[in-house]
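Coordinate inspection notes
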Amino acid sequence: MTTAPTVAPGSVSALSARELRRAAWSRWGYRLSVVAGWAVFVGVWYLVARFVFTPQQLPQPHVVATEAWDVLTQRDFSTNIQASILRVVAGFLLALVLSVGLGLLIAYSKWWRRLLNSLLLFIVSVPTVSFAILSLIVLGISPMGPIINAMLVATPYITMNLAQGLTGVDRRLIVMSESFGRTRPQIITGVLIPSSLLSILSGARLAFAVAWRMELLTEVFASSEGIGFQIRRSFESYDIRGMLAWAVLFIIIMLLIENLVFRQIERRLSRWRSPEVGTTQ
């Protein structure tokens, strides 16, 4: 009878060290690629601003950065940022709550699936500017317009990802839960939704970005405060530097939310769902 080959502890340690070094190089490579990408973007901006457009048409990056710093020091900056963030968060949370119910209907009812799929496809196909103009006609200058529009455009993305996640849940978990006498609400809250968290988060990240853009566009047409309103006011006064400065600040806020909120949640969920490595007996 042949014996299984043994692995020396030293070889295991060397393999682990190589894997750690490879992972570290991969992380640094990704960071350097991001920095290089932004450097190329700024360099192209400088070239285009210098040789293609005039300073009035497209200011150079350092001019826009100076203007953005001036905007940060203004008294109404916090008011406008707070108004925009509260509206997009309110619309996003409403879309999240609505999407949970719609996703369950799509995943477990053929009739609702046919109806809601057509409705959600219609919402996605409508140009976003149409919602902004419609909210101006129906609601006028109101804070509810950006909130409702953010909810409308975010709901399809979360709903579709949630429905796909629910249909991909292992049916054996549901059967086992039913055999132990769990009720349908307990199965939904204890099995289906936890098993679909990564799908929900994937849709939520995309939905938040779309909702934020929709909220910003609605503020341009139907708001008296917020980042979109400030961009419109700068455009009306032909202040290209101010318009670009507010746009840059908008991008920075989006990147901060993406990296400090959604990426951290996704990382924690991935660790929670990953199987723990046990010791061999």
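Right above here is the structure, for reference.
Presented here is a report on the structure given in the accompanying data block.

Focus: the overall build of the chain
- Looking only at helices and strands, one finds 11 helices and 0 strands in the chain.
- Ordering the α and β elements of the chain from the N terminus gives α-α-α-α-α-α-α-α-α-α-α.
- Across the chain, the fraction of contacts at a sequence separation of at least 24, relative to all contacts at a separation of at least 6, is 73%.

Let's talk about the environment of Phe-53
- You can see Phe-53 is positioned in the loop between helix 1 (9-51) and helix 2 (61-72).
- For Phe-53, the contacting residues outside a window of four places in its chain are Val-48 and Leu-58.

Regarding the packing of helix 5 (residues 128-139) against helix 6 (residues 144-167)
- Where helix 5 contacts helix 6, the two axes come as close as 10 Å, and the packing angle between them is 140 degrees. What the angle tells us is that helix 5 and helix 6 run oblique. Between helix 5 and helix 6 lies a crossing whose hand is right-handed. Residues Phe-131, Ala-132, Ser-135 and Leu-139 of helix 5 form the contact with helix 6, whose participating residues are Met-144, Gly-145, Ile-148, Asn-149, Leu-152 and Val-153.

Observations concerning the packing of aromatic side chains
- Applying the stated criterion across every chain yields a total of 7 aromatic pairs.
- With centroids separated by 6.2 Å and ring planes inclined at 25 degrees, the aromatic side chains of Phe-208 and Trp-212 adopt a geometry described as stacked. One end of the pair is Phe-208 and the other is Trp-212, both in helix 9 (residues 197-222) and 4 residues apart, which spans about a single turn. Like Trp-212, Phe-208 is buried.
- Taken together, the ring pairs in this structure connect Phe-92, Phe-208, Trp-212 and Phe-250 into an aromatic cluster.

Thoughts on unusual backbone geometry
- A positive phi is found at Tyr-238, a non-glycine position, where the angle reads about 55 degrees.
- Here Tyr-238 falls in the exposed class, since its relative accessible area comes to 74%.

Structural notes on the pattern of salt bridges
- By the definition in use, this model includes 3 salt bridges.
- What you see here is one network of salt bridges that share partners, running through Arg-87, Glu-219 and Glu-225.

Some words on the environment of Val-71
- Among the secondary structure elements, Val-71 is positioned in helix 2.
- Sequence spacing of Val-71 and Gly-242 is 171 residues, and the spatial spacing of their C-alpha atoms is 8.0 Å.
- Look past the residues within four positions of Val-71 in its chain and what remains in contact with it is Phe-77, Ala-245, Trp-246 and Leu-249.

Quick look at the packing of helix 3 (residues 77-108) against helix 6
- Look at helix 3 against helix 6: their axes get within 6 Å of each other, and the N-to-C directions meet at 35 degrees. Both helix 3 and helix 6 take part in a crossing whose hand is right-handed.
- Among the residues forming the contact of helix 3 with helix 6, the class breakdown is 21 nonpolar, 6 polar and 1 charged.

Examining helix 3
- Between its first and last C-alpha, helix 3 extends 47 Å over 32 residues, near the 46 Å set by a 1.5 Å rise per residue.
- At Ser-99, helix 3 is bent by approximately 25 degrees, the largest bend along its length.

Examining the side chain of Thr-155
- Its place among the elements puts Thr-155 in helix 6.
- Since its relative accessible area comes to 5%, Thr-155 is described here as buried.
- Polar contacts involving the side chain of Thr-155 include one to the main-chain carbonyl oxygen of Met-151, which spans 2.6 Å.

Notes on the nonpolar core
- Counting 30 residues, the largest nonpolar core has Phe-92, Phe-208, Trp-212, Ile-227, Trp-246 and Phe-262 as the members making the most contacts within it.
- When residues of this core are traced back to their parent elements, those giving at least two are helix 2, helix 3, helix 6, helix 9, helix 10 (227-236) and helix 11 (240-273).
- Here this core takes 9 residues from helix 11, the largest share from any one element.

Examining a nonpolar patch on the surface
- Judged by side-chain polarity, Val-129, Ile-133, Leu-134, Leu-136, Ile-137, Val-138, Leu-139, Ile-141, Met-144, Ile-148 and Phe-221 come together as a nonpolar surface patch covering roughly 930 Å² of accessible area.
- Mapped onto the nonpolar patch, the elements with two or more residues apiece are helix 5 and helix 6.
- Sorting elements by how many residues they give to the nonpolar patch places helix 5 first, with 7 residues.
- Note that Ile-137 resides in helix 5.

Points about the side chain of Ser-223
- Note that Ser-223 resides in the loop between helix 9 and helix 10.
- For Ser-223, a relative accessible area of 2% corresponds to the buried category.
- Here Arg-87 takes part through its side chain, which lies 2.8 Å from a polar atom of the side chain of Ser-223.
- A distance of 2.6 Å separates a polar side-chain atom of Ser-223 from the backbone oxygen of Glu-225.
- Setting aside its immediate chain neighbours within four residues, Ser-223 contacts Arg-87, Ile-141, Thr-218, Phe-229 and Arg-232.

About the criteria used
Within any chain, residue numbers begin from 1 and follow the written order of that chain's sequence. Local features in this predicted model are restricted to residues whose pLDDT is 70 or higher, and side-chain atom pairs enter the listing and the counts only when it is 80 or higher, whereas totals over whole chains, interfaces and linings include all residues. Think of the side-chain values as coming from all heavy atoms in the structure, minus any hydrogens and water. Note on conventions: DSSP H or I runs of at least 4 residues are helices, E runs of at least 2 residues are strands, and numbering of each starts at the N terminus. Residue contacts follow a heavy-atom distance rule, with two residues in contact if any of their heavy atoms lie within 4.5 Å. Whenever a helix is involved, its axis is fitted only over the stretch in contact; in every case the axis is a line through C-alpha atoms, and angles between N-to-C directions fall within 0 to 180 degrees. Working definition: roughly parallel below 35 degrees, roughly antiparallel above 145 degrees, roughly perpendicular at 65 to 115 degrees, and oblique for all remaining angles. Helix crossings are classified by the rotation of the near helix relative to the far one: an anticlockwise turn of less than a right angle makes the crossing left-handed, while a clockwise turn makes it right-handed. Aromatic rings from Phe, Tyr and Trp, taking only the six-membered ring of Trp, are treated as a pair when their centres fall within 6.5 Å; an angle between ring planes under 30 degrees marks them as stacked, one over 60 as edge-to-face, and anything in between as tilted. Buried means the residue's accessible area, taken with a 1.4 Å probe over protein chains only, is under 20% of the maximum for its type, while exposed means over 50%, and partly exposed covers the values in between. Definition used for salt bridges: Asp or Glu carboxyl oxygen within 4 Å of a side-chain nitrogen of Lys or Arg. Just so you know the grouping, Ala, Val, Leu, Ile, Met, Phe, Trp, Tyr, Cys and Pro go in nonpolar, Asp, Glu, Lys and Arg go in charged, and all remaining residues, Gly too, go in polar. For a helix, the expected span equals 1.5 Å multiplied by the residue count minus one. Fitting one axis to the seven residues ending at a residue and another to the seven starting there, the bend at that residue is the angle between the two axes. Pairing of N or O atoms within 3.5 Å defines a polar contact, subject to two protein rules: one partner must be a possible hydrogen donor and the other a possible acceptor, and residues neighboring in sequence count only if both atoms are side-chain atoms. The set of buried Ala, Val, Leu, Ile, Met, Phe, Trp, Tyr and Cys residues whose side-chain atoms join them within 4.5 Å is what this entry labels a nonpolar core. Residues with no salt bridge and a relative accessible area higher than 30% make up the patches, which join like charges within 9 Å and nonpolar side chains (Val, Leu, Ile, Met, Phe, Trp, Tyr) within 5 Å. Areas reported here follow the Shrake-Rupley algorithm with a probe of radius 1.4 Å; residue values treat only the protein chains shown as occluding.

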